[in-house]
Amino acid sequence: MRHIWYVAYGSNLSRERFCCYLYGGRPDGSDRDYPGCRDTSDPMDSFGLMIPGGLYFAGRSSGWRAGMAFYDPEAPGEVAARAYLITAEQFVDVLAQETLRSPG
């Protein structure tokens, strides 16, 4: 089984929040329920890190009723991030849920 390091920033720094993509559920403060991944396994590993670049907020999230965080690798500074080791299938399902599509 192939694994991928998924590097998250913003609200997905919270393991509890990120795991709503994996297991399904509604994160605190959100109006959206996530169906979860087909494979609901825990991440195999995770760790915090700083990545070069900046963070900015724009638009309005329908789930949070607030601005959305965007990462700009060209901006000066550093951004707090968290890396999660997940399966390639989980990555596809997380991406689907982040873009308002169904897993699978």
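(A) Just the overall build of the protein chain, in detail. Scanning the protein chain from terminus to terminus reveals two helices and five strands. Along the protein chain, from the amino end to the carboxyl end, the secondary structure elements read β-α-β-β-β-β-α. Relative to the 2.2 N^0.38 estimate, which gives 13 Å for 104 residues, the radius of gyration of the protein chain is 14 Å and therefore close to what a compact globule would have. Its C-alpha atoms give the protein chain principal-axis dimensions of roughly 35 × 30 × 20 Å. Classification of the 104 residues of the protein chain by burial places 32% in the buried group. Sequence-distant contacts, at least 24 apart, represent 63% of the contacts inside the protein chain between residues at least 6 apart. Put simply, the protein chain shows about 6100 Å² of open surface, and 53% of that area lies on carbon and sulfur atoms. Between the mean site of the 10 positive side-chain charges and the mean site of the 13 negative ones, the protein chain shows a separation of 6 Å.

(B) Expanded view of the side chain of D39. One can find D39 in the loop between helix 1 (15-23) and strand 2 (45-52). One buried charged side chain, D39, makes no salt bridge at all; its nearest oppositely charged neighbour is R38, positioned 8.9 Å away. Residues contacting D39, with those up to four places away along its chain left out, are L22, T87, E89 and Q90.

(C) Structural context of the nonpolar core. Membership of the largest hydrophobic core is limited to 11 residues, which are Y6, A8, F18, C19, Y21, L22, Y34, C37, Y84, I86 and V94. Going through the elements one at a time, strand 1 (3-8), helix 1 and strand 5 (78-87) are the ones with two or more residues in this core. Here the element with the most residues in this core is helix 1; it accounts for four residues.

Cut-off values and rules
- Residues numbered from 1 in each chain as written.
- Predicted model: local features only at pLDDT ≥ 70, side-chain atom pairs only at ≥ 80, totals over all residues.
- Heavy atoms only, no water.
- Helix = DSSP H or I, 4+ residues; strand = E, 2+ residues; numbered from the N terminus.
- Rg over C-alpha atoms; globule rule 2.2 N^0.38 Å.
- Buried < 20%, exposed > 50% of the residue type's maximum accessible area, 1.4 Å probe, protein only.
- Contact = heavy atoms within 4.5 Å.
- Areas by Shrake-Rupley, 256 points an atom, 1.4 Å probe, with all protein chains shown as cover.
- Lys, Arg positive; Asp, Glu negative; His and termini not counted.
- Charge placed at Lys NZ, Arg CZ, Asp CG, Glu CD.
- Salt bridge = Lys/Arg side-chain N within 4 Å of Asp/Glu carboxyl O.
- Core = buried A, V, L, I, M, F, W, Y, C linked by side-chain atoms within 4.5 Å.

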